[in-house]
Amino acid sequence: MGEQIKALRVACGASGGELARRCGISSSLLSRVERGLVSPSVETLNRIAQGLDVPLSRFFSDQRSRTDLSYVPAGQGIVVERIGAVADYRYELLGHLLSGNLFVEPYLVMLQPQAQPYTSFQHPGLKFLYLMSGSVSYRYGSKLLNLRRGDALLFDASALHGVEAIIEAPVSYLSIVFTLRD
């Protein structure tokens, strides 16, 4: 149970002290629970569940026996249609899992020849980008980064972000979004 609590805390980007404050428990108690040194009371578990925004039952499921697997053969991802400003950004969903509290969306994104820069993406969670081809200027909040093939970014996706300029086409990148399920 302590391993699950720690994994959920790390997945949501919280430090032990931060989660302890959210839960109204001491940092030392949380640390001992995560390391399996103490068995927490139901009240403490409920506070931790609320602090992590997960149901209390999450701690009693056997996560080691989960068998979710998503296999997508090359070129057979699900194409997700985008409307509006990102209509010429081709999103190919590369997998999904149905259980657990961590929601992961891996996409292969290919900018079509008529694609226009778009810097107004903003959503909950973390995003990982890996540029596979081309070169772009990528906006993250007030920062502007020139990305080339092989460059990677990991960031909090709640800030405005996106391609500000296409420097060299064709552009393709792996985009993985991580969020906690409601």
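What counts, and where the lines are drawn
Residues numbered from 1 in each chain as written. Predicted model: local features only at pLDDT ≥ 70, side-chain atom pairs only at ≥ 80, totals over all residues. Heavy atoms only, no water. Helix = DSSP H or I, 4+ residues; strand = E, 2+ residues; numbered from the N terminus. Buried < 20%, exposed > 50% of the residue type's maximum accessible area, 1.4 Å probe, protein only. Polar contact = N/O pair within 3.5 Å; in protein donor to acceptor, adjacent residues only side chain to side chain. Contact = heavy atoms within 4.5 Å. Axes fitted to C-alpha atoms, helices over the stretch in contact; angles between N-to-C directions. Parallel < 35°, antiparallel > 145°, perpendicular 65-115°, else oblique. Left-handed = near helix turned anticlockwise from the far one by under 90°. Nonpolar A, V, L, I, M, F, W, Y, C, P; charged D, E, K, R; others polar. Salt bridge = Lys/Arg side-chain N within 4 Å of Asp/Glu carboxyl O. Core = buried A, V, L, I, M, F, W, Y, C linked by side-chain atoms within 4.5 Å. Disulfide = S-S within 2.5 Å.

A.B. asks: Pulling in residues and values, what's your account of the overall build of the protein chain?
C.D. replies: From N to C terminus, the protein chain includes 4 helices and 8 strands. In sequence order, the protein chain lays out its α and β elements as α-α-α-α-β-β-β-β-β-β-β-β. Oriented by its inertia axes, the alpha-carbon framework of the protein chain measures out at about 60 × 35 × 30 Å. Expressed as a percentage of the 182 residues in the protein chain, the buried residues total 34%.

A.B. asks: So what's going on with the side chain of serine 172? Residues and values would help.
C.D. replies: One can find serine 172 in strand S8 (residues 161–180). Within the local environment of serine 172, its side chain forms a polar contact with the side chain of serine 133, the two groups lying 2.8 Å apart. If near-sequence neighbours (up to four positions away) are discounted, serine 172 is found in contact with Val109, Met110, Tyr130, Leu131, Met132 and Ser133.

A.B. asks: So, the packing of helix H2 (residues 16–23) against helix H4 (residues 42–52): which residues are in play, and what are the values?
C.D. replies: Packing of H2 against H4 leaves a shortest axis separation of 8 Å and a crossing angle of 110 degrees. One element, H2, and the other, H4, form an angle in the roughly perpendicular class. When you trace H2 past H4, the crossing you get is right-handed. Between H2 and H4, the residues in contact are Leu19, Arg22 and Cys23 and Arg47, Ile48, Gly51 and Leu52, respectively. Of the residues in the contact of H2 with H4, the class split is 4 nonpolar, 1 polar and 2 charged.

A.B. asks: Any chance you could break down the pattern of salt bridges for me, citing the residues and the numbers?
C.D. replies: Pairing is possible between side chains that carry opposite charge, provided their charged atoms lie close to one another. Evaluation of the coordinates by the stated rule reveals 5 salt bridges. Of the charged contacts in the structure, one is a salt bridge between glutamate 34 and arginine 9, with a shortest N-O distance of 2.7 Å. A residue pair is termed long-range when its members are at least 10 positions apart, and glutamate 34 in helix H3 (residues 27–34) and arginine 9 in helix H1 (residues 2–11) qualify at 25 residues. Per residue, the accessibility class of glutamate 34 equals that of arginine 9, and both read buried.

A.B. asks: Lay out the nonpolar core with the relevant residues and their values.
C.D. replies: Side chains that are nonpolar tend, in soluble globular proteins, to be buried together. Among the nonpolar cores identified, the biggest contains 19 residues, and Tyr89, Val109, Leu111, Tyr138 and Tyr173 are the most heavily contacted of them. Looking at this core, the elements with two or more residues in it are strand S2 (89–93), strand S3 (102–111), strand S5 (126–140), strand S7 (152–156) and S8. Considering each element in turn, this core owes the most residues, 4 residues, to S5. With near-sequence residues (within four places) excluded, leucine 111 lies in contact with Asp88, Tyr89, Ile166, Val171 and Tyr173. With 15 residues, the next largest nonpolar core counts Ala14, Cys23, Leu45 and Leu52 among its residues.

A.B. asks: Residue-level account of the environment of serine 142, with values.
C.D. replies: Within the secondary structure, serine 142 sits in the loop between S5 and strand S6 (143–148). Accessibility expressed as a relative area gives 72% for serine 142, which makes it exposed. Each C-alpha atom of the pair serine 142 and alanine 159 lies 9.4 Å from the other, and the pair is 17 residues apart in sequence.

A.B. asks: Talk me through unusual backbone geometry; I want residue IDs and the actual numbers.
C.D. replies: A negative phi angle characterises most non-glycine residues, just as the trans form characterises most peptide bonds. Of note, the bond from alanine 169 into proline 170 is cis; its omega dihedral lies within 30 degrees of zero at 0 degrees. Looking at where proline 170 falls in the secondary structure, it is placed in strand S8.

A.B. asks: Account for the state of the cysteines, with residues named and values stated.
C.D. replies: Scanning the model with the defined rule gives 0 disulfides in all. The cysteine cysteine 12 is free of any disulfide, with cysteine 23 supplying the nearest cysteine sulfur at 9.4 Å. Judged by relative accessible area, cysteine 12 falls into the partly exposed class, the value being 28%.

A.B. asks: Hey, could you go over the environment of tyrosine 89 for me, with residue numbers and the actual values?
C.D. replies: Along the chain, tyrosine 89 falls in strand S2. Measuring from C-alpha to C-alpha, the distance between tyrosine 89 and valine 177 comes to 16 Å, with 88 residues separating the pair along the chain. There is a polar contact of 2.7 Å between the side chain of tyrosine 89 and the backbone oxygen of glutamine 116. Within polar-contact distance, the side chain of tyrosine 89 engages the backbone nitrogen of tyrosine 118 at 3.4 Å.

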